[in-house]
Amino acid sequence: MSAADFTVLGASGFIGSALVRYLSDEGYGVRAVGRHDHGDGLPLDEPLGHVIYAIGVTADFRTRPFDTMEAHVAQVLKLLRQGTFASLTYLSSTRVYESNQRTNEEAAISVSPASPSALYNISKIAGESVCLNSGHPAVRIVRLSNVIGGNGKQDSFLDQLLREGLDSGAIALRSHPDSAKDYIALDDALGLIAAISERGRHAIYNVASGVQTSHRQVLDVITRQTGWPIRVDTSAAPTDFPPIDVSRITTEFGFVPAPFTAYFSDHIKRTLQSRKDQQ
């Protein structure tokens, strides 16, 4: 293996750091570039191998509009202009389908600039568009769903619920229990991202489970694991994100998603143990 089969940009984040561990464990040479490793975060003076662009702003994008556009558009533009790489895989999000009926990779994306979440979606779409129109032949887009795994310190909806339970011994669900999302296990996501980066045949991939999991199902798993009392707000309107089309990764990579109950139960155990170890 060469010194840098892969370069992971955004290696200090949740997905980036997990990718570094996964690729290293698989025997690849990995260059991990975090936000403080270079002045502008991008090493442009040497071949980078397969680049995975995991730089991003997530939960606090509403209060950091300039940082969001810088991370999702400006930095990748610089990489495309000046970088030398075998391939570039840009990590986007299935959130771009928020206002869509169709969620296959070729569907036109609908956005409303006035929507509170529009800045994030538009910035990701802009980053995708810059990549796809750059003229580089080995550029790929991964639209990533809600990834579950790690140490429970992420800003995901599920980890927020677990932290609330750990802090107060109870959970108050402030959205309708019939609301639903697509979740994918971290290990599933990492394997697909690596495979797409090395040998993906298409320009855009949804990396998701293709299965809608309701908040009610989430709460059932948490209750069985912890016994925490749960209060729900049934007056809130249910929100049902459109189901994500995963036919491309199923056909090309033979993908079968891990069962939600199994990996979420394991994630709860790890999160509880992590909190216990900190005490």
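What counts, and at which threshold
- Numbers given to residues run from 1 along each chain, matching the order in which its sequence is written.
- The predicted nature of this model means local features are confined to residues of pLDDT at least 70 and side-chain atom pairs, given and counted, to a pLDDT of 80 or more, with totals for whole chains, interfaces and linings taken over all residues.
- Heavy atoms throughout the structure, all of them, feed into the side-chain values; hydrogens and water do not.
- Pairing between strands requires that DSSP locate at least two bridges from one strand to the other.
- Starting at the N terminus, helices and strands are each numbered in turn, a helix being any DSSP run of H or I of at least four residues and a strand any DSSP run of E of at least two.
- Angles here are taken between N-to-C directions and fall from 0 to 180 degrees, while the axes themselves are lines fitted to C-alpha atoms, restricted in helices to the stretch in contact.
- We call two residues in contact whenever any of their non-hydrogen atoms come within 4.5 Å of each other.
- Nonpolar core, defined: a set of buried Ala, Val, Leu, Ile, Met, Phe, Trp, Tyr and Cys residues in which side-chain atoms within 4.5 Å join the residues together.
- Classification of residues uses two cut-offs on accessible area relative to the type maximum, computed with a 1.4 Å probe and protein chains only: under 20% is buried, over 50% is exposed, and between them is partly exposed.
- Between N or O atoms, a polar contact is any pair within 3.5 Å; within protein, one atom must be a potential hydrogen donor and the other a potential acceptor, and residues adjacent in sequence are included only when both atoms are from side chains.

Digging into the sheet that holds strand 10 (residues 212-214)
Strand order in this open sheet of three strands is 6-8-10, and the pairing throughout is mixed. Looking at strand neighbours, the two that pair on one side only are strand 6 (146-148) and strand 10, the edges of this open sheet. Going from strand to strand, the sheet's axes swing by 55° on average, the running direction of each strand aside. Bridge count for strand 8 (residues 180-185) against strand 10 is three bridges, and the pairing is antiparallel. Paired with Ala-180 across the strands is Ser-214, a residue of strand 10. Contacts between helix 6 (residues 215-226) and the sheet are confined to strand 8 and strand 10, with strand 10 contributing the most and set at about 65° to the helix.

Some remarks on the nonpolar core
Counting residues in each nonpolar core, the largest one holds 31 residues, and the members touching the most others are Ile-15, Leu-19, Leu-91, Leu-144, Ile-193 and Val-207. Those elements that provide at least two residues to this core are strand 1 (6-9), helix 1 (14-25), strand 5 (139-144), helix 5 (186-199) and strand 9 (204-207). Considering every element that reaches this core, the biggest residue donor is helix 5, with seven residues. Here Leu-91 is in contact with Ile-15, Leu-19, Ile-52, Tyr-53, Ala-54, Lys-124, Val-142 and Ile-193, once residues within four sequence places are set aside. Leu-9, Leu-42, Phe-61 and Leu-80 belong to the second largest nonpolar core, which has 21 residues in total.

Here we look at the side chain of Ser-179
Assignment of secondary structure puts Ser-179 in the loop between strand 7 (171-173) and strand 8. On the basis of relative accessible area, Ser-179 is assigned to the buried category, the value being 0%. In this structure Ser-179 touches Thr-213, Ser-214, His-215, Ala-237, Pro-238 and Thr-239, once residues within four positions along its chain are discounted.

Focus on the side chain of His-267
Within the secondary structure layout, His-267 lies in helix 8 (residues 260-278). There is a polar contact of 2.6 Å between the side chain of His-267 and the side chain of Asp-159.

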